[in-house]
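# What the coordinates show
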Amino acid sequence: MTNAVLTFTDRGIYCPAGDFYIDPWRPVDRALITHGHADHARPGHRSYLCTDACAPVMRHRLGEISVETLKFGEKRKIGDALVSFHPAGHLPGSAQIRVEVAGEIWVASGDYKVIPDGISEPFEPVTCHSFITECTFGLPVFKWDDQDDVANDLNAWWSRNAADGKASILGAYSLGKAQRLLSMVDPAIAPILTHGAVENTNEVLRNQGYTLPNTIHVTPELNVKDHPGALVIAPPSALGSQWARRFGVASTAFASGWMRLRGVRRRRAADRGFVISDHADWDGLMHAVKETEAENIYATHGYTEIFARWLNSAGYNAQVVPTEFGGDDDEADAA
């Protein structure tokens, strides 16, 4: 697929005018990265460009990399392309990437949500001619509850378990979702314990100035009996593992937009499912598309065919673009 601004290749989204890729899934010389999740920020690129708020977690996850940064809204000329990063609201430091060539503007959204969550930089609509949008939850059935209502349910579940002398083990992706949940819970209920993958990410974000409640890292030496009624936040893969069994009698829960579907709730085999996602729901996707004022919409990763078909019926010029995003199992389940 060829266009003056961005093209879609077997390595990722490519800008010929600037000779760079956006979130490429195979090694390239110059990669512009929307956010630090494993399916968007992959190892092996010669150089990286991302927001200054995204860089620390990328270094934490990818090790020694050559990375340059831009502040949100700061413009940089790369070849004949003018690029800038704008808040995506997906997780701290996440961005949409605006690319302008000869007056034509494209925006690659990466992953995003349009409702402020209290910790991520809020989504900023960017006017453009063409919009590349995710549609992870691109079905009308996906509609998120108010975050305050979810927080109340979450705290009530934890409080009941603590009163019964049980730990509460909550499965959440270690980058983004775990920190959002930490900003929602009431630390006065009982101690908050964290898996190493979560705590290491917490430390990176705290060092950047993001505010999180106090947490206790679960190390092999930690005596969990010293922390009765604790909330334990761990990656989804840790639920049901030997690591989780050390907490004895516990109630388990899973936090994801996929919890809206009954079949997924049964498959996860947790006691509770909390419907909360760091991706836009159906209404959020529609809002974002409308706010861009874009004529051309490219749907990637998610319910692409259905989403594009609906947009075409609404008068947009929409088409599906295959990508390799959403490939991290833990992250995909914890969306």
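Now for a description of the structure that goes with this document. Remember, predicted model here, so these are calculated numbers, not experimental data.

A few words on the overall build of the chain. Check the secondary structure of the chain and you find nine helices and 19 strands. Computed over C-alpha atoms, the radius of gyration of the chain comes to 20 Å, within 12% of the 20 Å expected from 2.2 N^0.38 for 335 residues, which places it in the range of a compact globule. With the C-alpha coordinates of the chain rotated into their principal frame, the extents come out at 65 × 45 × 30 Å. In the chain, buried positions account for 56% of the 335 residues. Relative to all contacts within the chain whose residues are 6 or more apart in sequence, the contacts with residues 24 or more apart total 60%. Counting only carbon and sulfur atoms, one obtains 47% of the accessible surface of the chain, whose full area is about 13700 Å². Treating the 31 positive side-chain charges of the chain as one cloud and the 42 negative ones as another, the clouds have centres 4 Å apart.

Before going further, it helps to spend a moment on the packing of helix H2 (residues 147-163) against helix H3 (residues 177-184). Direction vectors running N to C along H2 and H3 enclose 80°, while the axes themselves pass 9 Å from each other. With respect to each other, H2 and H3 are oriented roughly perpendicular. Contacts from Gln 147, Val 150, Ala 151, Leu 154 and Asn 155 of H2 reach H3 at Arg 180, Leu 181 and Met 184. Class assignment of the residues belonging to the contact of H2 with H3 gives a composition of five nonpolar, two polar and one charged.

Our focus in this paragraph is the nonpolar core. Counting 26 residues, the largest nonpolar core has Leu 170, Leu 181 and Phe 274 as its most contacted members. Counting residues per element, this core draws most heavily on H2, which supplies five residues. Ranked by size, the runner-up nonpolar core spans 24 residues in total, among them Phe 85, Ala 95, Val 101 and Val 321.

With that settled, consider the side chain of His 301. Here His 301 lies in strand S18 (residues 296-302). A relative accessible area of 12% places His 301 in the buried class. Side-chain polar atoms of His 301 contact the side chain of Asp 111, separated by 2.7 Å. A distance of 2.7 Å separates polar atoms of two side chains, one belonging to His 301 and the other to Thr 300. Once residues lying within four places of it in the same chain are set aside, the contact partners of His 301 are His 40, Gly 110, Asp 111, Glu 134, Cys 135, Thr 136, Thr 323 and Phe 325.

Attention now goes to the packing of helix H1 (residues 55-62) against helix H4 (residues 196-207). A pair of packed helices is characterised by two quantities: the angle between their axes and the separation of those axes. In the contact formed by H1 and H4, the axes pass within 9 Å of each other and the chain directions differ by 145°. The two elements H1 and H4 meet at a crossing, and its hand is right-handed. Every residue of H4 that contacts H1 at Pro 56, Val 57 and His 60 is listed here: Asn 200, Thr 201 and Val 204.

A word on the pattern of salt bridges. The full count for this structure, using the stated rule, is 12 salt bridges. Two residues, Arg 260 and Asp 145, come together in a salt bridge whose shortest N-O distance is 3.5 Å. Pair noted here: Arg 260 is in the loop between strand S16 (250-255) and helix H6 (262-268) and Asp 145 is in the loop between strand S11 (130-135) and H2, with a separation of 115 residues, a long-range link. Counted as one network, the salt bridges with shared partners bring together Lys 113, Asp 117, Arg 180 and Asp 278.

Here the focus is unusual backbone geometry. In this model, Asp 19 sits at a positive phi of 55°, which is unusual for a non-glycine residue. One can find Asp 19 in the loop between strand S2 (13-15) and strand S3 (20-22). Unusually for a residue other than glycine, Ala 102 sits at a positive phi of about 50°. Among the structural elements, Ala 102 can be located in the loop between strand S9 (95-101) and strand S10 (104-108).

This part is about the environment of Ser 313. When you line up the elements, Ser 313 lands in helix H8 (residues 304-313). The spatial distance from the C-alpha of Ser 313 to the C-alpha of Pro 92 is 35 Å, given a sequence separation of 221 residues. Engagement of the side chain of Ser 313 in a polar contact is seen with the backbone oxygen of Trp 310, the distance being 2.6 Å.

This next bit is on a negative patch on the surface. The grouping of Asp 146, Asp 148, Asp 149 and Asp 153 at the surface amounts to a negative patch. Residue class for Asp 148 comes out exposed when judged on its relative accessible area of 53%.

Another aspect to go through is the sheet that holds S16. Spatially, S14-S13-S15-S12-S16-S17 is the arrangement adopted by the six strands of the open sheet, whose pairing is parallel. Looking at the sheet topology across the chains shown, the edges are occupied by strand S14 (216-217) and strand S17 (272-274). Summarising the sheet, strand S13 (residues 192-194) and strand S15 (residues 231-234) pair through three bridges and their orientation is parallel. Of the residues in S15, the one forming a bridge with Thr 194 is Ile 233. Running at roughly 100° to S13, H4 makes contact with S13, S14 and S15 of the sheet.

About the thresholds
- Residues numbered from 1 in each chain as written.
- Predicted model: local features only at pLDDT ≥ 70, side-chain atom pairs only at ≥ 80, totals over all residues.
- Heavy atoms only, no water.
- Helix = DSSP H or I, 4+ residues; strand = E, 2+ residues; numbered from the N terminus.
- Rg over C-alpha atoms; globule rule 2.2 N^0.38 Å.
- Buried < 20%, exposed > 50% of the residue type's maximum accessible area, 1.4 Å probe, protein only.
- Contact = heavy atoms within 4.5 Å.
- Areas by Shrake-Rupley, 256 points an atom, 1.4 Å probe, with all protein chains shown as cover.
- Lys, Arg positive; Asp, Glu negative; His and termini not counted.
- Charge placed at Lys NZ, Arg CZ, Asp CG, Glu CD.
- Axes fitted to C-alpha atoms, helices over the stretch in contact; angles between N-to-C directions.
- Parallel < 35°, antiparallel > 145°, perpendicular 65-115°, else oblique.
- Nonpolar A, V, L, I, M, F, W, Y, C, P; charged D, E, K, R; others polar.
- Core = buried A, V, L, I, M, F, W, Y, C linked by side-chain atoms within 4.5 Å.
- Polar contact = N/O pair within 3.5 Å; in protein donor to acceptor, adjacent residues only side chain to side chain.
- Left-handed = near helix turned anticlockwise from the far one by under 90°.
- Salt bridge = Lys/Arg side-chain N within 4 Å of Asp/Glu carboxyl O.
- Patch = residues over 30% accessible without salt bridge, like charges linked within 9 Å, V, L, I, M, F, W, Y side chains within 5 Å.
- Pairing = 2+ DSSP bridges.

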